[in-house]
Amino acid sequence: MKSEKQFLLDEILANIDDSTSFVIAGYTKLEANKANEFRREISKIGANFEVVKKRIFVKAVEAHGMKVELKSMPGHVGILFSKDDPIEMTKAILNFNKDNENVFSFLGCKLENQLLGKGDTEKLSKLPAKDVMRAQLLGLFEAPMAQTLAVMEALLTSVVYCIDNKIKEQ
């Protein structure tokens, strides 16, 4: 392997080692200014975007014990690496696509040392954000307690109303 390709392979291997997850995205018509705008946007969520050569990326992934087929990555490929939540990265791609004529397409992602395909990555992107899911879970726990409290309060107030009506009758 030539020294330039070895350098690129080492760089991708280092990025994979440093990140907990990555998203493989295909792209078309991505101008330099738009790419820089996208990089600035995803840096806010702790991610970075690297344009990679597919064959070198496949070798890097295989070195980590995972398998990606070259045929599953048509066109140009970029990888979003993150130490944080992969859902945020997929949402960043969706938001960027809304404003920029669907520049990116999902090709797959790594989540908890497992590679997911295109369809699973798209499903992942449609999940609510982590804070929203936490709020929904807390609401789920809180609802029965709130309903129980409402029933107890209704019982107590109904006793007071009954006593009040008896007093008014006399």
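The structure under discussion appears in the preceding block.
These notes cover the structure that comes with them. (Residues numbered from 1 in each chain as written. Predicted model: local features only at pLDDT ≥ 70, side-chain atom pairs only at ≥ 80, totals over all residues. Heavy atoms only, no water.)

Thoughts on the nonpolar core
Part 1 of the reasoning: Grouped together as the largest cluster of nonpolar side chains are 20 residues, with contacts concentrated most on Leu30, Phe38, Phe49, Leu80, Ile93 and Phe104.
Part 2 of the reasoning: Of all the secondary-structure elements, those providing two or more residues to this core are strand 1 (21–27), helix 2 (32–43), strand 2 (47–52), helix 4 (86–99) and strand 4 (104–111).
Part 3 of the reasoning: At five residues, the largest contribution of residues to this core is made by helix 4.
Part 4 of the reasoning: For Leu30, the contacting residues outside a window of four places in its chain are Ala35, Phe49, Phe96, Val103 and Phe104.
Part 5 of the reasoning: Leu13, Val52, Val58 and Leu107 belong to the second largest nonpolar core, which has 19 residues in total. (Core = buried A, V, L, I, M, F, W, Y, C linked by side-chain atoms within 4.5 Å. Buried < 20%, exposed > 50% of the residue type's maximum accessible area, 1.4 Å probe, protein only. Helix = DSSP H or I, 4+ residues; strand = E, 2+ residues; numbered from the N terminus. Contact = heavy atoms within 4.5 Å.)

Structural notes on a nonpolar patch on the surface
Part 1 of the reasoning: Side chains of Leu137, Leu138, Leu140, Phe141 and Met145 sit close together on the surface and give an oily, nonpolar patch of about 570 Å² of accessible area.
Part 2 of the reasoning: In this fold, Leu138 is placed in helix 6 (residues 130–169). (Patch = residues over 30% accessible without salt bridge, like charges linked within 9 Å, V, L, I, M, F, W, Y side chains within 5 Å. Areas by Shrake-Rupley, 256 points an atom, 1.4 Å probe, with all protein chains shown as cover. Salt bridge = Lys/Arg side-chain N within 4 Å of Asp/Glu carboxyl O.)

A word on the pairing of strand 3 (residues 76–82)
Part 1 of the reasoning: Within strand 3, six of the seven residues are buried, leaving the element largely enclosed by the surrounding structure.
Part 2 of the reasoning: Where strand 1 lies against strand 3, seven bridges are found, and the strand directions are antiparallel. Across the sheet, Tyr27 pairs through a bridge with His76, a residue of strand 3.
Part 3 of the reasoning: As paired strands, strand 2 and strand 3 are joined by six bridges and run antiparallel to one another. Residue pairing across strands places Phe49 opposite Leu80, the latter belonging to strand 3. (Pairing = 2+ DSSP bridges.)

Section: the environment of Thr148
Part 1 of the reasoning: Turning to its location among the elements, Thr148 is positioned in helix 6.
Part 2 of the reasoning: Considered as a pair, Thr148 and Glu69 are 79 residues apart in the sequence and their alpha carbons are 55 Å apart.
Part 3 of the reasoning: For Thr148, the side chain forms a polar contact with the main-chain oxygen of Pro144, separated by 2.8 Å. (Polar contact = N/O pair within 3.5 Å; in protein donor to acceptor, adjacent residues only side chain to side chain.)

Looking at the packing of helix 4 against helix 5 (residues 118–125)
Part 1 of the reasoning: Interhelical geometry of helix 4 versus helix 5 gives an angle of 90° and a closest axis separation of 8 Å. Classified by the angle between their axes, helix 4 and helix 5 sit roughly perpendicular to one another. Within the contact between the two elements, helix 4 uses Pro86, Ile87, Thr90, Lys91 and Leu94 and helix 5 uses Thr121, Leu124 and Ser125.
Part 2 of the reasoning: Taken together, the residues of the contact of helix 4 with helix 5 break down into four nonpolar, three polar and one charged. (Axes fitted to C-alpha atoms, helices over the stretch in contact; angles between N-to-C directions. Parallel < 35°, antiparallel > 145°, perpendicular 65-115°, else oblique. Nonpolar A, V, L, I, M, F, W, Y, C, P; charged D, E, K, R; others polar.)

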